[in-house]
Structure formats: C-alpha cells, structure tokens
Amino acid sequence: MPGGDLDVRSDVYSLGAVAYELMTGQPPSRPPVRVAPGRIRPGLPPALDELILAALSVDREDRPSDAKTFTDRVRAIRMSPDLPKADPWWSLSRMPWRRTGVLAFVCALLAFAVTASPGTPGMSLTTVRHAAQDVRVDVPSVWAREFHPDQEARPAVAEAGAGPGLLAATDAERWHSTDEESYGVYATVLPGSPDLHRVAETDPCAGRPEERPVRTDQWEGTLWEWPECNDNGTFTSVAVHPPDTPRTVYMEIRQPDYRPDVVDTIIDHVRLR
C-alpha cells in the first residue's frame, strides 16, 4: 500500500500464501482470503487452518509476528496428541509427499533467513515459575500447553528430599509414563548438593544413560541423557547448582527428538532466587 511500512509480517504473508498453495494445490484468492485450506483439502487440523488464515490476514497485527512464530506453531500442531495415528491427516490427500517436503523446507528456510540469530535453537520460550521454591524456568512454548505448579516427583527423586515441583508439558497426565507421548520440563529444588547419580539412573528409560558435565557461568553439575527412551523420544535428567550455593535444581526434560542444544538452552535460562 502507498506509504505503508514493510516489515517481517510481509514475509509472513508470503509464507502463508506458499503454505496455502502447498496444502491445497491452488493459490489463495485475493485478499481478504475467506476460504480455509481445510475446505479444499478435508482432513487438515483446524489449528492449521487458523494459522494459515492468520498469516494471510489483511490486518498485519493479526498475523504471526515473524516466521519463527509461524513455524513454532506448526511444530505445536504436529506434536498435538489429537492428531490421528492410524490415518494421519497428511495422508488424506493426493498431495505428493514431495510437496509436503517442500513446505517443511520453505518454512525452515524462511524462519532462518528472517528471524534466526547465532546460537538460537529456533524456538520461542515461555517462562514458568514455582513461587514456593523461588525457581524460574524458560521452556519451549510448544511444550507449555499445561502447567502444574505442584507436580509430584518420581519416587526416587522424592526419596532424595525433593518435594513437588513445577511441570510444563504437552500432557501432564502422561508425564510419568515414558511409554506415552508427553514432552516438557519438570523442575524442583533440593536442599544442599545431594548425589543424584543413583536417582538419575533409576530406570526412567531402558539402558544406561550418557553422562556429561554442566559447566556455565551460573551452573555446575551433571546431566544424564537417554537419546532413545522406550521408542518415545528422549529423556534427560539434570542436576545443577550455582557455584558455592547449597541448593540443587533437579530437572527432567522430555523431547520428541534428540536435541542437546535445547537442553543446554533450558539450563541457561533457569533462575534460582
């Protein structure tokens, strides 16, 4: 529009238009776009319809703020437990798999080109707090669908002196079952600096974990990783404490894929008051 200021939301509109055509096989109409992709291609999740139409909104304020926000919401939709398992939505169309692959590539490319900065894992973070324990954790927003401030610890962790902690997860009810899909972060604070090696290895997953030290300006400790946890993503136990401070933050992190950089980002954003 003459005199209008262009910003990244113009790129978001272009991304929405590309996504619309890849999903339906035809470009969107001239603005305002009123026909949702799901009306042309039945079986698409309603959340995906809403996301693409939001990206194509005439009012820039109604669009996702940038390409990374768009792709983060796509990931959240993909992780939704409501997606059918036996007959996934992406197989309900005659759309070639190659076109779906192009969509994933375009989303990733635009997210990097428009919003990426060195060292970022490509995610937005949501802050959750446990007031009683004075701990704050920044978790990937796509995991923070449910928040419980007083989630009971696993028995082995409770025996080490941990009380209930905070939990931000895609499905809180399934959190303690490593055979079911639930991704997120559990955190609690223990007094002193207990030896949590045996706690971490109390079979949350089959096999022995990979152990590596944690050394940052704010934290020191150990983490234990299962890159494959019962064929249901990855599981990480973390025990860190500030140097010369007798309080330990214990965390459990469950991911759909093995991403050590995500674990490191979460650790970097833990704050203990």
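Presented here is a report on the structure given in the accompanying data block. (Residues numbered from 1 in each chain as written. Predicted model: local features only at pLDDT ≥ 70, side-chain atom pairs only at ≥ 80, totals over all residues. Heavy atoms only, no water.)

Time to look at the sheet that holds strand S7 (residues 220-226). Spatial ordering of the open sheet is given by S3-S4-S5-S9-S8-S7-S6, a layout of 7 strands whose pairing is antiparallel. Edge positions in the open sheet fall to strand S3 (146-151) and strand S6 (210-215), since each of these has one partner strand only. On average, each strand axis in the sheet is tilted by 15° relative to the strand beside it, whichever way the strands run. Relative to strand S9 (residues 247-255), strand S5 (residues 184-191) is paired through 8 bridges, and the arrangement is antiparallel. Counterpart to Pro 191 in the pairing with S9 is Arg 247. Each of S5, S6, S7, strand S8 (234-241) and S9 is contacted by helix H8 (residues 260-268), which is oriented at about 145° to S9, the strand it contacts most. (Pairing = 2+ DSSP bridges. Helix = DSSP H or I, 4+ residues; strand = E, 2+ residues; numbered from the N terminus. Axes fitted to C-alpha atoms, helices over the stretch in contact; angles between N-to-C directions. Contact = heavy atoms within 4.5 Å.)

With that settled, consider the environment of Pro 42. Inspection of the secondary structure puts Pro 42 in the loop between helix H2 (37-40) and helix H3 (46-55). Along the primary structure Pro 42 and Thr 24 are separated by 18 residues, whereas in three dimensions their C-alpha atoms are 9.5 Å apart.

So, on to the state of the cysteines. Scanning the entire structure with this criterion turns up 1 disulfide. Residue pairing for Cys 205: its cysteine sulfur links by disulfide to Cys 229, the two sulfurs lying 2.1 Å apart. Its S-S torsion of about -85° marks the bond between Cys 205 and Cys 229 as left-handed, since a negative value means left-handed. Of this pair, Cys 205 sits in the loop between helix H7 (197-200) and S6 while Cys 229 sits in the loop between S7 and S8, placing them 24 residues apart in sequence. For Cys 205, a relative accessible area of 4% translates into the label buried. Using a relative accessible area of 2% as the deciding quantity, one classes Cys 229 as buried. (Disulfide = S-S within 2.5 Å. Buried < 20%, exposed > 50% of the residue type's maximum accessible area, 1.4 Å probe, protein only.)

Keep in mind these values describe shape, not function.
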